[in-house]
Amino acid sequence: MSEPMLDLQGVHTRIGAYHILHGVDLQVAKGEMTVLLGRNGAGKTTTLRTIMGLWPTAEGTITFQGESIASRPTPEISRRGIAYVPENMGIFSDLTVCENMLLAACDTKRAEDLDAKRLEWIFGLFPALRKFWQYPAGLLSGGQKQMLAVARGIVEPRKLLLVDEPSKGLAPAIIQNMITAFRELKQTETTILLVEQNFNFARQLGDQVAVMDGGRIVHSGTMASLVADEALQQHLLGLSLTAHQ
Amino acid sequence: MTTTATTVPATDALPAEVKTDRLPLLLIPALALLALPLTGSFSTWVTLTFAGLAMGMIIFIIASGLTLVFGLMDVLNFGHGLFITLGAYVAVSVIGRMIGYVESPSLMRNLMAVVPAMLIAMVVVGAVGFVFERVIIRPVYGQPLKQIMITMGGMIVGVELVKVIWGAQALPLPLPAAFSGSLLFGDAAVEKYRLITTVVGLLVFAAMLWVLSRTKVGLLIRAGVQDREMVESLGYRIGLLFFGVFIAGAALAGLGGVMWGMYQQTIVPEMGGAINVLLFIVIIIGGLGSVGGCFIGALLVGLVANYTGFLAPKVALFSNILLMVLILLWRPQGLYPVVKR
């Protein structure tokens, strides 16, 4: 693994009386896609939210590009170049697609000032967004909303993209579209930490993989080695890729 | 960066047609038309309708900040009435020093007194709002019960301070000479001040709509009302945004206080507290956090108060509560509910 851009060491998160993360150790390598796998309730979403400062870090360190970001205010973490696509997509349904994109470009005041070349690239990845540019985002389908959520994360160049279950609830055809889009995104050497439950989706994209269970990382390594080891898949995820397909 | 046109089966279908919910907008003309035969004469109806619209516009100016403050941070500010009182008292102090301008029949000289009075009231009340948010509201974010108690307490203390500064007795807030009197439309007499109030209310509403729909700050406010966590995740400090909205809301309440004081022509320290209930009825009717809903709610409250005051004075005592109950039976989240996450 190349030099880690994001490094979590012994991270604990408590939400009220609940102790959710029990010492998470996770490294995200620069320019690679790391996939965080695990069943429901394993702590994947909490890990992303803790990185973003949406839950405070109770113990441990989170370092981004060599600087501590643990429990820093969320806007400050975002301004350091981390984009977050939450599980619920976080779309502003009363705002148009254009307005949603404009808000994601922090230092741009007007839609006309959005980087046209980058916008064309995004429209290439997600053509539906061009078509519905002036539509209220609340009227989009689930797949279109997910496209908008990811597009918002990349409307400006970011150092790290945190994406929470982008395939959740999507039709197979749209999932395939997402895979194509993420592959293209990988070519730009964007560093991505992707949370997934869909192993078939994850194995097509991930360079590195970490598996969570009970609020801890129980396995980390390359995606290729996990894909090749059916017994390990069975042991870690309770499934084998062959059976999953 | 390369561009690859990906195929997007099943994603290119046009979304359902964009439909604006216009039904609540129809309530205002429907209510006015319903009142027309009941009032018995067209001229009375015109007078009552303009009185209702003017009252509604002032309530809207006062309540618009309150609804945004709730929408953005779920803060229930029961101390909003203090800003109304303070606005009116600051205006009394300013106008008291320019009484010659107010009594002059010249519109220009009247404006030379009233406009500075309004601006100074907005600045002073905005500054008080700044302190109120920092000292009283900030320590109780996310604690609704404490918010209710402490903001009510803050208002009580503020009102007592007003009594210390200006005295407990009622003070006159004279209407400028050029604003007095009525215009005749056939047999119907419409007070000039009510017309002016209606125009000012419309201007404030238009300005708010412009800010909310055409500026990035406006977009952030609308987005923050829906999902403040996502706004923060995009890199914006929602606390700062809320702080700005709170101060602007307080300043608008100050402006409303000046207008309400001139409407009544007499002010008392308790005037803000007396309107507080009305404000909460308006923002609940409109849908908490919705500026458009607040506008319609305020006009409905103004019209219902005037029509029932004329037709059935006993009903007028609880007409606004009745209106709220009826609206909530129809739309439990208010006329324009804000989808929050």
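As shown above, the structure is provided for reference.
Residues numbered from 1 in each chain as written. Chains lettered and ligands numbered in written order. Predicted model: local features only at pLDDT ≥ 70, side-chain atom pairs only at ≥ 80, totals over all residues. Heavy atoms only, no water.

Enquirer: How would you explain the pattern of salt bridges if you had to name every residue and give the values?
Expert: For the coordinates displayed, the defined rule picks out 19 salt bridges over all chains. The shortest N-O distance in the salt bridge between A:Asp207 and A:Lys186 comes to 3.2 Å. Residue A:Asp207 is located in the loop between helix 8 (199–203) and strand 9 (208–213), and its partner A:Lys186 is located in helix 7 (residues 172–187); the two are separated by 21 residues in the primary sequence. Classification of A:Asp207 as partly exposed rests on a relative accessible area of 26%. The exposure class assigned to A:Lys186 is partly exposed, which follows from its relative accessible area of 22%. Ionic pairing is found between B:Glu133 and B:Arg138, a salt bridge with its closest N-O pair at 3.3 Å. Exposure remark for B:Glu133: the relative accessible area of 0% places this residue in the buried category. When its relative accessible area of 31% is taken as the criterion, B:Arg138 is described as partly exposed. (Salt bridge = Lys/Arg side-chain N within 4 Å of Asp/Glu carboxyl O. Helix = DSSP H or I, 4+ residues; strand = E, 2+ residues; numbered from the N terminus. Buried < 20%, exposed > 50% of the residue type's maximum accessible area, 1.4 Å probe, protein only.)

Enquirer: Any chance you could break down the sheet that holds strand 4 (residues 59–64) of chain A for me, citing the residues and the numbers?
Expert: Residues and elements named next belong to chain A. On the basis of which strands lie adjacent, the open sheet formed by four strands has the order 2-1-4-5 and antiparallel pairing. Each edge of the open sheet is held by one strand with a lone partner, namely strand 2 (18–29) and strand 5 (67–68). Pairing between strand 4 and strand 5: two bridges, direction antiparallel. Its bridge partner lying in strand 5, Thr 63 is registered against Ser 68. (Pairing = 2+ DSSP bridges.)

Enquirer: Go over the state of the cysteines with me, naming the residues and quoting the values.
Expert: Residues and elements named next belong to chain A. Evaluation of the coordinates by the stated rule reveals zero disulfides over all chains. The thiol sulfur of Cys 98 is not disulfide-bonded, and the nearest other cysteine sulfur, from Cys 106, lies at 16 Å. By relative accessible area, which is 7% here, Cys 98 ends up buried. (Disulfide = S-S within 2.5 Å.)

Enquirer: If you had to explain the nonpolar core to someone new, which residues and values would you point to?
Expert: Membership of the largest hydrophobic core comes to 171 residues, with the highest contact counts inside it found for A:Ile122, A:Phe126, A:Leu129, A:Phe182, A:Leu194 and B:Phe60. At 20 residues, the largest contribution of residues to this core is made by helix 2 (residues 42–73) of chain B. Mapped onto the domain boundaries, this core takes at least three residues apiece from domain 1 (1–81 + 159–245) and domain 2 (88–157) of chain A. Setting aside anything within four residues of it in sequence, one finds A:Phe182 in contact with A:Met33, A:Val150, A:Val163, A:Pro166, A:Ile192, A:Leu194, A:Phe201 and A:Leu205. (Core = buried A, V, L, I, M, F, W, Y, C linked by side-chain atoms within 4.5 Å. Domains from an automatic or database assignment. Contact = heavy atoms within 4.5 Å.)

Enquirer: Just give me the short version of the side chain of A:Arg152, but keep the residues and values in it.
Expert: Among the structural elements, A:Arg152 can be located in helix 6 (residues 142–154). Buried and without a salt bridge, A:Arg152 has B:Asp227 as its closest oppositely charged side chain, separated by 6.7 Å. Of the polar contacts made by the side chain of A:Arg152, one reaches the backbone oxygen of A:Met89; its length is 3.1 Å. (Lys, Arg positive; Asp, Glu negative; His and termini not counted. Polar contact = N/O pair within 3.5 Å; in protein donor to acceptor, adjacent residues only side chain to side chain.)

Enquirer: Explain empty space enclosed by the protein to me, and be specific about the residues and the numbers.
Expert: In the structure shown here, the tally under the stated rule is one cavity of 30 Å³ or more. Size it by volume and the largest cavity reaches roughly 40 Å³. Every residue lining the largest cavity is listed: A:Ala83, A:Tyr84, A:Arg152, A:Gly153, A:Arg158, B:Met230, B:Ser233 and B:Leu234. Taken together, the elements giving at least two residues each to the lining of the largest cavity come down to strand 6 (82–85) and helix 6 of chain A together with helix 9 (228–233) of chain B. Residues of the lining of the largest cavity, tallied by class, amount to four nonpolar, two polar and two charged. (1 Å grid on protein atoms, 1.4 Å probe; cavity = no way out; pocket = protein on both sides within 12 Å on 5 of 7 lines; lining within 4 Å. Points joined across faces, edges and corners; volume = space filled by probe spheres on them. Nonpolar A, V, L, I, M, F, W, Y, C, P; charged D, E, K, R; others polar.)

Treat this as a map of the structure, not an account of what it does.
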